[in-house]
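Chain by chain, the residues:
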Amino acid sequence: MRIVITGGAGFVGSHLCDRCLAEGHEVVAVDNLITGSPDNIAHIQSPQFSFRRQNISEGIFIDGPVDFILHFASPASPVDYLELPIQTLKVGAMGTHNALGLARAKGAGLLLASTSEVYGDPHVHPQHEEYWGNVNPIGPRGCYDEAKRFAEAIVMAYHRMHGIDTKIVRIFNTYGPRMRLRDGRIVPNFVRQALEGEALTVYGDGSQTRSFCFVTDLVDGIYRLMMSDEHLPTNVGNPLEFTVLEFAELVRKMTQSESPIIFQPLPQDDPKQRKPDISKAQRVLGWEPKVGIEEGLAQTLDYFSSRLKPNS
Ligand code: UDP
């Protein structure tokens, strides 16, 4: 297939480029590089790969045939989307509309990167796909949550009205190499802080929970969903749940760090608990995560260590 990957120079997008190329597809990566980086795709030598710098909220311009669009362009870290709320809303709304227009024009399929944020601060635990969520539309996270909820709605409308072969993955917290050192999320923050001997910043009392999926597991779930006939949203994530405080202790242990843990204010609307119900992905995709947290964190530590070396 010839696959367009929006956000192809981002954390997840660049791993999808690798996977699709390894499966023998041609890949056109599109990114405006506001949170993505050319470093994430610099290793790719394949003649089957090309990169276009475009802001997909303004339009997506691709010559020739397209078989599938993996739509991953968006700021995704709370710190990023707090700084870029309008770009986040635009890419979720206009960017998704443009991606669907491209799919329609080319007769291509489309997979939307949605998020566990559509469940907001959930009242149902673990979160299954039938849960409609508890989102504050006008709070600081609303720009991302509502953009993705709109994106899901317009994807379903194009599927129903135009018969486009669409898929929706709801991605839970994911970590691994190529996360930005300073994207503000828990894994890069704690790992960088531990490696640099700074205090680990736990927000609130650290009792809120998250469940962390290694990026190659996530990409495998996405690839299987792309190849499936499933059109309704599907959770992909690792159900192994930690409190934030437990996770800080794990990072300290794995880095053999002496860094203290300090407590800082909990950001507004920070979800109190999050854990995917993956029974649908197990049933429909034959997928479940394989990489244990210690193994995944070890690979992530190697990556961050090499990025933190002076002059690297
Ligand atoms: N968090 C924290 N310290 C940090 C960064 C994040 O305690 O330095 C907490 C944050 O409050 C949230 C969880 O870790 O409860 C995950 O935050 P992240 O920004 O990774 O993404 P989220 O899951 O909230 O979208």
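Before reading further, recall that the structure is shown in the block above.
Residues numbered from 1 in each chain as written. Predicted model: local features only at pLDDT ≥ 70, side-chain atom pairs only at ≥ 80, totals over all residues. Heavy atoms only, no water.

A. Quick peek at unusual backbone geometry. Residues His 125 and Pro 126 are joined by a peptide bond in cis, for which omega reads -10°. Here Pro 126 lies in the loop between β5 (109-115) and α4 (142-162). Located in the positive-phi region is Gln 256, a residue other than glycine, with phi close to 50°. By secondary structure assignment, the location of Gln 256 is in the loop between α7 (244-255) and β13 (261-264). Classification of Gln 256 by relative accessible area gives exposed; the value is 70%. Not every positive phi belongs to a glycine, and Asp 269 is a case in point at roughly 65°. (Helix = DSSP H or I, 4+ residues; strand = E, 2+ residues; numbered from the N terminus. Buried < 20%, exposed > 50% of the residue type's maximum accessible area, 1.4 Å probe, protein only.)

B. The site of the ligand, seen in detail. Lining the immediate environment of the ligand, one finds 18 residues, of which Asn 189, Thr 201, Tyr 203, Arg 210 and Asp 270 sit closest. At 2.8 Å from an oxygen atom of the ligand is found a main-chain nitrogen or oxygen belonging to Tyr 203. Secondary structure elements with two or more residues in the shell around the ligand: α5 (186-195) and β8 (200-203). Tallied by class, the residues present in the shell around the ligand amount to seven nonpolar, five polar and six charged. (Near = heavy atom within 4 Å. Polar contact = N/O pair within 3.5 Å; in protein donor to acceptor, adjacent residues only side chain to side chain. Nonpolar A, V, L, I, M, F, W, Y, C, P; charged D, E, K, R; others polar.)

C. Structural context of the packing of helix α1 (residues 11-22) against helix α6 (residues 215-227). One can describe the packing of α1 onto α6 by two numbers: an axis separation of 10 Å at closest approach and a directional angle of 65°. Every pair of crossing elements has a handedness; the one defined by α1 and α6 is right-handed. In this structure, α1 uses Phe 11, Val 12, His 15, Leu 16, Arg 19 and Cys 20 to contact α6, whose residues at the interface are Val 215, Leu 218, Val 219, Asp 220, Ile 222 and Tyr 223. Looking at side-chain class alone, the contact of α1 with α6 contains nine nonpolar, one polar and two charged residues. (Axes fitted to C-alpha atoms, helices over the stretch in contact; angles between N-to-C directions. Left-handed = near helix turned anticlockwise from the far one by under 90°. Contact = heavy atoms within 4.5 Å.)

D. Up close: the pattern of salt bridges. What the rule picks out here adds up to 21 salt bridges. Residue Arg 141 pairs with Asp 270 through a salt bridge whose shortest N-O separation is 4.0 Å. Placement of Arg 141 in the loop between β5 and α4 and of Asp 270 in the loop between β13 and α8 (279-285) is noted, with a sequence separation of 129 residues between them. On the basis of relative accessibility, which here comes to 10%, the residue Arg 141 falls in the buried class. With relative accessibility at 11%, the residue Asp 270 sits in the buried group. In this structure, Arg 185 engages Asp 183 in a salt bridge whose closest nitrogen and oxygen atoms are separated by 2.9 Å. For Asp 183, a relative accessible area of 2% corresponds to the buried category. Bridged by salt links that share partners, the residues Glu 117, Arg 141, Arg 210, Asp 270 and Arg 274 form one connected network. (Salt bridge = Lys/Arg side-chain N within 4 Å of Asp/Glu carboxyl O.)

E. Focus on the pairing of β5. The buried fraction of β5 amounts to seven of the seven residues, a majority that puts the element mostly inside the structure. Along β5, one buried face is formed by Gly 109, Leu 111, Ala 113 and Thr 115 and the opposite face, lined by Leu 110, Leu 112 and Ser 114, is buried too. In terms of strand pairing, strand β4 (residues 68-71) meets β5 through four bridges, oriented parallel. Paired with Leu 70 across the bridge in β5 is Leu 111. As paired elements, β5 and strand β6 (residues 166-171) share six bridges and run parallel to each other. Bridge assignment links Leu 110 to a residue of β6, and that residue is Thr 166. (Pairing = 2+ DSSP bridges.)

F. Structural context of the environment of Asp 121. On the secondary structure map, Asp 121 appears in the loop between β5 and α4. A relative accessible area of 16% places Asp 121 in the buried class. Once the C-alpha coordinates of Asp 121 and Lys 272 are considered, the two residues, 151 residues apart in sequence, prove to be 6.3 Å apart. Not counting residues within four places of it along the chain, the set of residues in contact with Asp 121 comprises Asn 134, Asp 270, Pro 271 and Lys 272. A distance of 2.6 Å separates a polar atom in the side chain of Asp 121 from a polar atom in the side chain of Lys 272.

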